[in-house]
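Report on the structure
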Amino acid sequence: MFTLSKKKAFTLAEILITLGIIGVISAMTIPTLLADISTRKMETKFKKAYAQLNEMHKRYLAENDMAIPVGVRSGDSMGNIFQRYLKGFSNVNNDRWYTKNDEGEYSAEIYNKYKNFKDSTVKQVCDVSGSFADINGILYMWNDNPEEGENGPVICVDLNGTGKPNIIGIDYFLFIPTVDGTIIPMGMEDLNNTSSTGAGGNFFLDKSYCGYSNNYSCAYWAVIDKAPIGKGRYWKDYIKNRKF
């Protein structure tokens, strides 16, 4: 004679409790995972943009026997340089950052895109060009031409185009072409040329300008991947703890 054994099934209450636990765990871990993915994408774009700028400058130096700071003082323009040496480079908007309407209000589209720089003391640095994008959607702008012997002009790079978060040190970084034919991140001292700070709006800030108000020099810390405040790495720890 055969007997059927009874198997204990989960009750509805047990299933609901299990689903509730899974929901809580998901709510705790998924935002962190998404933030990690977003940060890794940003880091990849940063490295790509930095590599592209250095490659562009090396090619310019090789073909013109002069570095960009000398070239722009000799009649070349940053727009033409980018057009010749950066794949898919095209104009996005000709408005300058400081464009105002008849009421004296800033009216440029680029200004409205960057209102969420989070701090009223943070101003757009690269305000003499329009905005231009490469084939990957990375946005480029630049500042005034350097004086004789100086590095420059300052190049501002927005990794997300005009997409959010538009915050310096997260998706927006500053770089400087040197007279030696390289590109250095804002904050990195050029030991071969101390004449980096000049008139006409071109400037250099040391590495201390990151982690506080304006974050202009965060590109330096992003390149060496070290947190400017406290311990840890720039992308994994410092960026992860910032709200954006």
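Check the entry above for the structure.
These lines cover the structure that appears in this document, whether it is placed above or below. (Residues numbered from 1 in each chain as written. Predicted model: local features only at pLDDT ≥ 70, side-chain atom pairs only at ≥ 80, totals over all residues. Heavy atoms only, no water.)

Another aspect to go through is the overall build of the protein chain. Across its full length, the protein chain holds six helices and six strands. For the protein chain, the succession of helices and strands along the chain, N to C, is α-α-α-β-α-β-β-β-β-β-α-α. The proportion of buried residues among the 244 residues of the protein chain is 42%. Contacts in the protein chain between residues far apart in sequence, at least 24 positions, make up 57% of those at least 6 positions apart. Counting every atom, the protein chain has about 13,700 Å² of accessible surface; 54% of that belongs to carbon and sulfur. (Helix = DSSP H or I, 4+ residues; strand = E, 2+ residues; numbered from the N terminus. Buried < 20%, exposed > 50% of the residue type's maximum accessible area, 1.4 Å probe, protein only. Contact = heavy atoms within 4.5 Å. Areas by Shrake-Rupley, 256 points an atom, 1.4 Å probe, with all protein chains shown as cover.)

Mapping G169 onto the fold places it in the loop between β4 (155-158) and β5 (172-177). Taking relative accessible area as the criterion, G169 reaches 0% and is therefore assigned buried. C-alpha separation for the pair G169 and I239, spaced 70 residues apart in sequence, amounts to 8.2 Å.

Turning to the state of the cysteines, a few remarks are in order. Enumeration according to the criterion identifies two disulfides in this entry. At a sulfur-sulfur separation of 2.0 Å, the disulfide partner of C126 is C156. Judged by the sign of its S-S torsion, about 80 degrees, the bond between C126 and C156 is right-handed. Here C126 is found in the loop between α4 (109-113) and β2 (131-133), whereas its partner C156 is found in strand β4, with 30 residues between them in sequence. For C126, a relative accessible area of 2% corresponds to the buried category. One disulfide bridge connects C210 with C218, the sulfur atoms lying 2.0 Å from each other. Where C210 bonds to C218 through sulfur, the torsion about that S-S bond is close to 95 degrees, and the disulfide is right-handed. In this structure C218 comes out as buried when scored by relative accessible area, which is 0%. For the protein chain, the bonded cysteines pair up as 1-2, 3-4 when numbered in the order they occur along the sequence. (Disulfide = S-S within 2.5 Å.)

The strand order across the open sheet formed by six strands is β1-β2-β3-β4-β5-β6, and the pairing between neighbours is antiparallel. Only two strands of the sheet have a single neighbouring strand rather than two, namely β1 (90-93) and β6 (183-185). With strand direction ignored, the average angle separating the axes of adjacent strands in the sheet is 35 degrees. Summarising the sheet, β5 and β6 pair through three bridges and their orientation is antiparallel. Of the residues in β6, the one forming a bridge with F175 is P185. Contacts between helix α3 (residues 78-85) and the sheet are confined to β3 (139-142) and β4, with β3 contributing the most and set at about 150 degrees to the helix. (Pairing = 2+ DSSP bridges. Axes fitted to C-alpha atoms, helices over the stretch in contact; angles between N-to-C directions.)

By themselves these figures say nothing about function.
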